[in-house]
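Geometric and topological summary
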Amino acid sequence: MSDTIVSLPDQSTARIPKDNFLTRENGLLSWLLTGDHKRIAILYLISITFFFFIGGALAGLIRLELLTPQADLMATDTYNKVFSMHGIIMIFLFLVPSVPATLGNFFMPMMIGAKDLALPRINLLSWYLYVIGGILVVYTMVNGGVDTGWTFTTPLSTHYVNTNVVTTGLAVFVAGFSSVFTGLNFIVTIHKMRAPGMTWFRMPLFVWSNYAASILMVLGTPVLAITIVLVLLERTTGIGVFDPAKGGDPLLFQHLFWFYSHPAVYIMILPGMGVISETISTFSRKRVFGYTAVAFSSVAIAVFSFFVWAHHMFIMGISNYSTLVFSLMTMLVAVPSAIKIFNWTFTLYKGSITFETPMLYTFGFMGLFTIGGLTGVFLGTSGTDIHLTETYFIVAHFHFVMVGGMLMAFLAGIHFWWPKMTGRMYPEKISQLAALVTFIGFNFTFFPQFILGVLGMPRRYAAYPPEFQVLNVFSTAGATILGVGYLLPVLYLTWSLKYGAIAGDNPWQATGLEWQTQSPPLTENFKEIPVMDHEAYDYEWLENQQQAERNRAGQNPERQKEMEAPSAG
Amino acid sequence: MPDSTAIGQSALETANPANSANTANHEHPSYLRHHFASVEQQADTANFAMWLFLLTEVMFFGGLFTAYLIYRNWYYPAFVAGSHQLNVYWGTLNTVVLICSSFTMAMGVWCAQTRRRSGLVLCLILTLILGLGFLGIKTIEYSEKIEKHHVPGFHYSLQSFLDPDSDAAAKAAGDRPLPLDMARHTEVYFSLYFLMTGMHALHMIIGIGILGFMILRARAGAYTAGHTTFVLNFGLYWHFVDIIWIYLFALLYLISRHA
């Protein structure tokens, strides 16, 4: 057993194919007016990275302020704005579109053997909507920001703050439609565009989890849209749907908001889980254990997640009976997530595991997501929730899921598919180091926050009692390490665009259809529409395929030369 | 495992138009986009996408309907008194107008499918006129509300609810004076009235804009050469907006008008 599965073509002769989706057309307009899902994915990747670093800089400011117990770095009002903008940018402009709009956009059509998403122009429209939303957020920041928190809680947002609720609300509304259109496009594509032989249960699990996330986007996001509209109209015209002075109920806002925003956390995590299914299979050379269970667990998460929203409201005065039901449902939604974790673990069992960077991030995901998920069960239990809610325990919990889970999965996916997207490998050693740094930095940053939360440090304050300082210093120090961990990939991935080793079609020896075509792919993805005649993650099929290829080449050296000629020219 | 291959086989034949299309589809019509294997697959896909879009619309209006249901349960007397301020005759007329427009739209789809260009143009123009008629009547209704100071937020008067005898509509409906607290909640009713009908009217305006565009294209014969997807999908949208109105009419105008 070798310690790596990487198989690169001979570097002295290998070339990037001349005709690919990056070179087919040139000029700025060919990008801005493109219908190609791969180009749109790249546009998304650039824009979400931009916003990730803005959001990350804001996080840095938060941690810097919390280095000392006094509110000394910035005014408390400013602090409120900083954490609000951090949340809004990270959730609506990074986490929600992160995997679906970049990796999903790029690879989902390829995985099912389609030439493009079903609605290419809608796909481009959704990127433009995202950009408009992003510009509105930047405008809001330049204009003084907003300090409602990312939840726009009424009546605070409608009556009591004088910051830029309207522009932020519009930004979320517009960016929301970007997500609706992405989800709609994915569902239609998965239903109607599969290649011959690509049955539902031959689809890679990445496609399944994106499908489940798309259902949530399509059903949940419009509710957020109308809720934001109601908040904005209440703020600007004074109609009274949430205004207690007129008989409206602020709790209704919470119900409508969390009806979207709880499923939204699964919009964020499900596509990440899809990435993990792909990497864990590839780097342990085994079909994902319990494929069907993992596929259905994605759908189960999507369904259950619509019936747990009120666990965000246990201390807001909802009835004991709904607390009971929602508490129970919250524990139920942990079951399909656990199914995934267990099945991934069993996939590792007796697998030929190798430790390339995507796999390191995958291990990071599994550990951190498990902690994040389990603490979610603590919080779903109403008794502990009443103690822990609005403390740093919550902050630690959702950062474990979102940053420890989703961001790890995103980075795993970026490294895993980087050779396919660009045709070049990333540098392995330094990226393994980056994965390690990220993991260490992450734990330093967020683990102390669990303890702080149990001790009772409330979230959303710039100042705290001096006895909490030691753990906060730990957390801030960890954030610095984490920052390095996130900066490294940007540097070496950019470097690899020019200097990385030529990756060839299938450097990981992976089974997905996206690996059975050239890297970077053609604009139309495949030379001819592939026929799926085997199950997903069938490494034996791949082996036979390559054996047959070698035999053909061996029998017919002329043909081999022919095959190499275009790539060499 | 033997089952899975059987499933795979049947899916090969049914779920994938790409297969059958390769043989059936000799000519490539100009409207067939490059990433579809066949015209049927393209039409199917667009149609499915439209239904999904309408689903998102259902969820969008769903938020408003939820708010309506909750507040109507809490403030029933206020909702009844509020609904008496609406003009049920205008409302009924508008319902008739919209149903007629749905009929002309359906006829338009039929004309497109049977390749009758002038019939399609006529149907679309009629739909457009009926849509504008609906908005005209809605404007009359809105101006009545403005005159009676029933616009929440801007200038809201409780006169009609505290002293129904001073108000012709309330008097005709036989309203009793509401307690001050309940009378205030009529503002919630009118908030929802303006939100729901306003959101509906916005959809009408967007629809009328698209209709205008379609009429120009239909005159050029764009939809009567076999490619009817756009007309069909717009028809779905128009019927959807119509259905929303039917719910709004029942929920807002007819609250206490049963025997």
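Residues numbered from 1 in each chain as written. Chains lettered and ligands numbered in written order. Predicted model: local features only at pLDDT ≥ 70, side-chain atom pairs only at ≥ 80, totals over all residues.

**Section: the overall build of chain B**
If you tally the helices and strands in chain B, you get 10 helices and two strands. Residues classed as buried in chain B amount to 38% of the 259 residues present. (Helix = DSSP H or I, 4+ residues; strand = E, 2+ residues; numbered from the N terminus. Buried ≥ 20, exposed ≤ 12 C-beta atoms within 10 Å, placed from the backbone.)

**Some words on the overall build of chain A**
When helices and strands are counted, chain A shows 17 helices and zero strands. Taken over C-alpha atoms, the radius of gyration comes to 24 Å for chain A, in line with the 25 Å a tight globule of 569 residues would show. Each principal axis of the C-alpha atoms in chain A carries an extent, and together these give about 85 × 45 × 45 Å. With 569 residues in all, chain A has 55% of them scored as buried. (Rg over C-alpha atoms; globule rule 2.2 N^0.38 Å.)

**A closer look at the interface of chain A and chain B**
Interface size is commonly expressed as the accessible area that is lost once the parts come together. Chain A puts 37 residues into the contact, and the matching count from chain B is 38 residues. Elements with a contribution of two residues or more to the side of chain A that touches chain B: α6 (165-192), α7 (205-237) and α8 (250-282) of chain A. Ranked by the residues each element gives to the side of chain A that touches chain B, the list is headed by α7(A), at eight residues. The class makeup of the residues in the side of chain A that touches chain B is 22 nonpolar, nine polar and six charged. (Contact = placed C-beta atoms within 7 Å. Nonpolar A, V, L, I, M, F, W, Y, C, P; charged D, E, K, R; others polar.)

**Regarding the packing of helix α3 (residues 76-111) of chain A against helix α13 (residues 392-422) of chain A**
Residues and elements named next belong to chain A. Two elements in contact, α3 and α13, have axes separated by 11 Å at closest approach and are oriented at 25 degrees. Accordingly, the angle class assigned to the pair α3 and α13 is roughly parallel. When the axes of α3 and α13 are compared, the crossing they make is left-handed. Judged by residue contacts, L95, S98, V99, L103, F106 and F107 of α3 engage M402, M406, A409, F410, G413, W417 and M421 from α13. Across the contact of α3 with α13, the residue classes break down as 11 nonpolar, two polar and no charged. (Axes fitted to C-alpha atoms, helices over the stretch in contact; angles between N-to-C directions. Parallel < 35°, antiparallel > 145°, perpendicular 65-115°, else oblique. Left-handed = near helix turned anticlockwise from the far one by under 90°.)

**Digging into the environment of A:L436**
Along the chain, A:L436 turns up in helix α14 (residues 428-455). In sequence terms A:L436 and A:H311 are 125 residues apart; their C-alpha atoms lie 34 Å from each other.

**Description of helix α9 (residues 291-304) of chain A**
Residue and element names in this part refer to chain A. Look at α9: 20 Å from first C-alpha to last across 14 residues, which is about the 20 Å you get at 1.5 Å a residue. For α9, every residue scored as buried is listed here: Y291, V294, A295, S297, S298, I301 and A302. For α9, the arc enclosing every buried residue in end-on projection is 155 degrees, short of the 170-degree limit, so these residues lie on one face. For α9, the secondary structure elements touched by its buried residues are α7, α8 and α10 (320-348). (Expected span 1.5 Å × (residues − 1). Arc of directions from axis to C-beta.)

**A short note on the nonpolar core**
By size, the foremost hydrophobic cluster in this structure holds 220 residues, and its most contacted members are A:I112, A:A409 and B:L192. Excluding residues within four positions of it along the chain, A:A409 makes contact with A:V99, A:G272, A:M273, A:V275, A:I276 and A:F365. (Core = buried A, V, L, I, M, F, W, Y, C linked by C-beta atoms within 7 Å.)

**As for the environment of A:K81**
All names here are of chain A. Locating K81 in the fold gives a position in helix α3. Along the sequence, K81 and T148 sit 67 residues apart, while their C-alpha atoms lie 7.6 Å from each other. Contact partners of K81, with chain neighbours within four places excluded, come to G145, V146, D147 and T163.

**Quick word on the packing of α3(A) against α6(A)**
All names here are of chain A. At a closest axis distance of 11 Å, the pairing of α3 and α6 adopts a crossing angle of 20 degrees. The angle between α3 and α6 falls in the class roughly parallel. When the axes of α3 and α6 are compared, the crossing they make is left-handed. Residues I88, F92, L93, V96, P97, P100, A101, G104, M108 and P109 of α3 form the contact with α6, whose own contacting residues are T168, V172, A175, S179, T182, F186 and T189.

**Observations regarding unusual backbone geometry**
Residues and elements named next belong to chain A. Each neighbour pair has its own omega, and for T154 with P155 the value is -5 degrees, a cis peptide bond. Position of P155 relative to the elements: it lies in the loop between α4 (120-142) and α5 (156-160). At the junction of S519 and P520, the peptide bond is cis and its omega measures out at -15 degrees in the coordinates. Here the phi dihedral of R285 falls at roughly 50 degrees; this positive angle occurs in a residue that is not glycine. Mapped onto the elements of the fold, R285 is located in the loop between α8 and α9. The phi dihedral of E390 falls on the positive side, at around 65 degrees, and the residue is not glycine.

**Observations concerning the confidence of the model for chain B**
All names here are of chain B. For chain B, the mean per-residue pLDDT works out to 88, and 89% of the residues sit at or above 70. Segment residues 1-25: pLDDT under 50, and 28 contacts once partners within four positions in sequence are set aside and those in other chains are kept. For this predicted complex, the interface score ipTM comes out at 0.91, while the overall pTM is 0.92. (pLDDT = per-residue confidence, 0-100.)

**Quick notes on the environment of A:I430**
Residue and element names in this part refer to chain A. Tracing the backbone shows I430 in helix α14. Sequence separation between I430 and L488 is 58 residues, and the spatial gap between their C-alpha atoms is 8.3 Å. Excluding residues that lie within four positions of it along the chain, I430 makes contacts with L488 and Y492.

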